[in-house]
Amino acid sequence: MLYERSSRLFAEAAKVIPGGVNSPVRAFKAVGGTPIFVKEAKGAYLYDEDGNRLIDYINSWGPMILGHAYEPVINAVIERAKKGTSFGMPTALETEIAALAVSMVPNIDKIRFVNSGTEACMSAIRLARGYTKRDKIIKFAGCYHGHSDSFLIQAGSGAVTFGTPNSPGVTQGTAKDTLLAKYNDLQNVAELFTANPDSIAAIIIEPVAGNMGCIPPADGFLQGLRELCDQNGALLIFDEVMTGFRLAKGGAQELYNVKADLVTFGKVIGGGLPVGAFAGPEAIMNHLAPAGPVYQAGTLSGNPLAMAAGLEMLKALNADADIYKRLDEKTAYLENGMRKELDSAGITYTINRRGSMISVHFDERPVTDFASAANGDNETFKKFFHGLLQEGVYIAPSAYETWFITDALTYDDLDFTIQAVGKVASNLK
Ligand code: HOZ
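Now for a quick tour of the structure. Worth saying up front: this structure is predicted, and the values here are computed from it rather than measured.

## Some words on the overall build of the chain
Part 1 of the reasoning: In terms of regular secondary structure, the chain is built from 15 helices and 14 strands.
Part 2 of the reasoning: Its C-alpha atoms give the chain principal-axis dimensions of about 55 × 55 × 45 Å.
Part 3 of the reasoning: Within the chain, the proportion of its 429 residues that are buried is 56%.
Part 4 of the reasoning: Surface summary for the chain: the accessible area is close to 17300 Å², and the carbon and sulfur share equals 52%.
Part 5 of the reasoning: Both charge centroids of the chain, one from 39 positive and one from 47 negative side chains, sit 3 Å from each other.

Written out as structure tokens, the structure reads:
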């Protein structure tokens, strides 16, 4: 496959956009080459500017769980746009999507809509700090909660892909209030509570980590965090930007039967438009302005186009009793097929998966935290990535990202992908 036009477009973009992209994870710096420029997408496929068709395993980094250009969402956006695109005033639509989200997710009474997952996580920790009157938070190395200052400490996703897990520009004053823990290590978290008595407002965690590849929580880990929070008067925040409405209607809280105090959302909840949200019980959420003193705001928060898209997406997921089972089965099929191909080519690898989140790591040891994720062989990953691209299969251009499976994928698409993995694997050694 040729990517000449994409290369030319990238060169033009780089003249006027830093690094040629509006979000670093889109760049190919970690794998070499230049990013693919998309012209359009439908269902499971991307169509690029060179006329190539690619099977998409990123799906806009998660939102397109029902495939690209999903008609009910597209139609809702078109109809809504005809009535005006932003008012900065309340609409009935906001209450409708809020009520639906609250009915789908356990342990939440109220939800506040924002424009991105970054905003949701940033606002959730402000609320946790305001509510508990404490300053410090615990985050886990390799977890990524968006790009606000408090979280760019040992961050995953693009921050680690491009070598800046601790970004310049984050002040020491901010960094000192973020305590770092090791994913899947309860003892480490307990020690942080002991060393910082009465000063930790919250633990924030991706309940299934998706920004250092996919790393599911060890048995009992999330329950253990719940207990530690209860013992120490801290809130437990689940960052469900990736897992929310993807792993189950009620997200990881439902899947693992663990109650979080605050939950953040992004991606699927917006149906492909810029939406984030954070939610929790009334007693905590009513501390937000204007009901309470913790300030948070936004001109485009609850934007009618975004709410229309999100509402159609949630309605579709809510109405489909089998969606999560189907996604799990498709992803398991892909996993098993890839395992066979990689095994028969004699490749050293680990595959991690939970539901429709999956990642391939080129290391035979278990990948359970940031340090083990970083052990993967990046040179092999680069060959794997470019080999698949040549076969017409698009995965994230970084070994630190999760693949997101869409229900639009057919078993023929999965078979095609498995065969492509087989072809590429035979050239990996
Ligand atoms: N959360 C996304 C994947 N790790 C990142 C999206 C972005 O940074 O553009």
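Following the structure, the description resumes.
## Looking at the packing of aromatic side chains
Part 1 of the reasoning: Under the definition given, this model contains 11 aromatic pairs.
Part 2 of the reasoning: Ring pairs connect the aromatic residues F28, F385 and Y394, which therefore count as one cluster.

## A few points about the site of the ligand
Part 1 of the reasoning: Close contacts around the ligand come from S23, V25, W61, S157, N211, M242, K267 and E401, and that covers them all.
Part 2 of the reasoning: Separating a nitrogen atom of the ligand from a side-chain N or O atom of K267 is a distance of 3.1 Å.
Part 3 of the reasoning: One of the side-chain nitrogen or oxygen atoms of E401 is found 2.7 Å away from a nitrogen atom of the ligand.
Part 4 of the reasoning: The protein chains hide 84% of the 280 Å² of surface that the ligand would expose on its own.
Part 5 of the reasoning: Residues of the shell around the ligand, tallied by class, amount to three nonpolar, three polar and two charged.

## Digging into the nonpolar core
Part 1 of the reasoning: Ranked by size, the top nonpolar core spans 74 residues in total, and within it F140, F245 and L317 carry the most contacts.
Part 2 of the reasoning: If one sorts the elements of this core by residue count, helix α11 (residues 304-319) sits on top with nine residues.
Part 3 of the reasoning: The contacts of L317, once residues within four sequence positions are left out, are I65, L66, M104, F245, K249, V268, I323 and Y324.
Part 4 of the reasoning: Listed in part, the 41 residues of the second largest apolar core include Y349, V360, A396 and L414.

## Quick word on the side chain of N211
Part 1 of the reasoning: Topologically, N211 is positioned in the loop between β7 (200-205) and α8 (221-232).
Part 2 of the reasoning: In contact with N211, not counting residues within four places along its chain, are G142, Y144, G156, S157, E206, M242, Y400 and E401.

## Looking at the pattern of salt bridges
Part 1 of the reasoning: Tallied over the entire structure, the rule returns 23 salt bridges.
Part 2 of the reasoning: Measuring nitrogen to oxygen at the nearest pair gives 3.2 Å for the salt bridge that ties R5 to E49. Taken together, the positions of R5 in helix α1 (residues 4-16) and E49 in the loop between β2 (45-48) and β3 (53-56) put the pair 44 residues apart, joining distant regions of the chain.
Part 3 of the reasoning: Judged by relative accessible area, which is 36%, R5 ranks as partly exposed.
Part 4 of the reasoning: Residues D177 and K176 are paired through a salt bridge, measuring 3.5 Å at the closest nitrogen-oxygen approach.
Part 5 of the reasoning: For K176, a relative accessible area of 52% translates into the label exposed.
Part 6 of the reasoning: Sharing partners across several salt bridges, the network here consists of R226, D230, K259 and D261.

## With respect to the sheet that holds strand β11 (residues 350-354)
Part 1 of the reasoning: The strand order across the open sheet built from three strands is β11-β12-β14, with neighbouring strands paired in antiparallel fashion. For this open sheet the edge positions go to β11 and β14 (403-404), each flanked by a neighbour on one side alone.
Part 2 of the reasoning: As defined by bridge partners, β11 adjoins strand β12 (residues 357-361) across five bridges and the pair is classed as antiparallel. Following the sheet pairing, N352 is matched in β12 by S359.

## So, the pairing of β2
Part 1 of the reasoning: The pairing of strand β1 (residues 38-42) with β2 spans four bridges and is classified as antiparallel. Of the residues in β2, the one forming a bridge with K42 is Y45.
Part 2 of the reasoning: Between β1 and β2, which pair antiparallel one after the other, the connecting turn spans two residues, and G43 there sits at a positive phi close to 60°.
Part 3 of the reasoning: Relative to β3, β2 is paired through three bridges, and the arrangement is antiparallel. Paired with Y45 across the two strands is I55, which belongs to β3.
Part 4 of the reasoning: If you look at the hairpin formed by β2 and β3, you'll find four residues sitting between the two strands, and G51 has a positive phi there, around 90°.

## A closer look at the sheet that holds β3
Within a sheet, each strand pairs with its neighbour through backbone hydrogen bonds, oriented either parallel or antiparallel.
Part 1 of the reasoning: Ordered in space as β1-β2-β3-β13, the four strands form an open sheet in which the pairing is mixed. Strands with a single pairing partner mark the edges of an open sheet, and in this sheet they are β1 and β13 (393-394).

## Points about helix α14 (residues 378-391)
Part 1 of the reasoning: When the terminal C-alpha atoms of α14 are compared, their 20 Å separation across 14 residues agrees well with the 20 Å that a helix rising 1.5 Å per residue should span.
Part 2 of the reasoning: Along α14, the residues classified as buried are T380, F381, F384, F385, G387, L388 and L389.
Part 3 of the reasoning: Buried residues in α14 make contact with β3, β12, β13, β14 and α15 (411-425).
Part 4 of the reasoning: Where α14 begins, the side chain of D377 points an oxygen toward the backbone nitrogen of E379, at a separation of 3.0 Å.

## Some details on helix α3 (residues 92-104)
Part 1 of the reasoning: Its 13 residues give α3 an end-to-end C-alpha distance of 19 Å, which sits within 8% of 18 Å, the value for a rise of 1.5 Å per residue.
Part 2 of the reasoning: When we look at burial in α3, the residues that qualify are L93, I97, A98, L100, A101 and M104. Considered in projection along α3, the buried side chains sweep an arc of 165° and stay on one side of the axis. Projecting away from the buried face of α3 at angles above 90 degrees are the exposed residues A92, T95 and S103.
Part 3 of the reasoning: Residues of α3 that are buried make contact with α2 (71-81), β4 (110-114), α9 (251-256) and α11.

## Observations regarding the packing of helix α12 (residues 323-344) against α15
Between two packed helices, both the angle of their axes relative to each other and the distance between the axes serve to describe the pair.
Part 1 of the reasoning: Put simply, α12 and α15 touch, their axes get as near as 9 Å, and they point 25° apart. With respect to their mutual orientation, α12 and α15 come out roughly parallel. Every pair of crossing elements has a handedness; the one defined by α12 and α15 is right-handed. Contact with α12, carried on its side by E329, K330, Y333, L334, G337, M338, E341 and L342, involves Y411, L414, D415, T417, I418, V421, G422 and A425 of α15 and no other residues of that element.
Part 2 of the reasoning: Each residue belonging to the contact of α12 with α15 can be placed in one class, and the counts come to nine nonpolar, three polar and four charged.

Rules of the game
Residues numbered from 1 in each chain as written. Predicted model: local features only at pLDDT ≥ 70, side-chain atom pairs only at ≥ 80, totals over all residues. Heavy atoms only, no water. Helix = DSSP H or I, 4+ residues; strand = E, 2+ residues; numbered from the N terminus. Buried < 20%, exposed > 50% of the residue type's maximum accessible area, 1.4 Å probe, protein only. Areas by Shrake-Rupley, 256 points an atom, 1.4 Å probe, with all protein chains shown as cover. Lys, Arg positive; Asp, Glu negative; His and termini not counted. Charge placed at Lys NZ, Arg CZ, Asp CG, Glu CD. Phe/Tyr/Trp six-rings, centres within 6.5 Å; stacked < 30°, edge-to-face > 60°. Near = heavy atom within 4 Å. Polar contact = N/O pair within 3.5 Å; in protein donor to acceptor, adjacent residues only side chain to side chain. Nonpolar A, V, L, I, M, F, W, Y, C, P; charged D, E, K, R; others polar. Core = buried A, V, L, I, M, F, W, Y, C linked by side-chain atoms within 4.5 Å. Contact = heavy atoms within 4.5 Å. Salt bridge = Lys/Arg side-chain N within 4 Å of Asp/Glu carboxyl O. Pairing = 2+ DSSP bridges. Expected span 1.5 Å × (residues − 1). Arc of directions from axis to C-beta. Axes fitted to C-alpha atoms, helices over the stretch in contact; angles between N-to-C directions. Parallel < 35°, antiparallel > 145°, perpendicular 65-115°, else oblique. Left-handed = near helix turned anticlockwise from the far one by under 90°.

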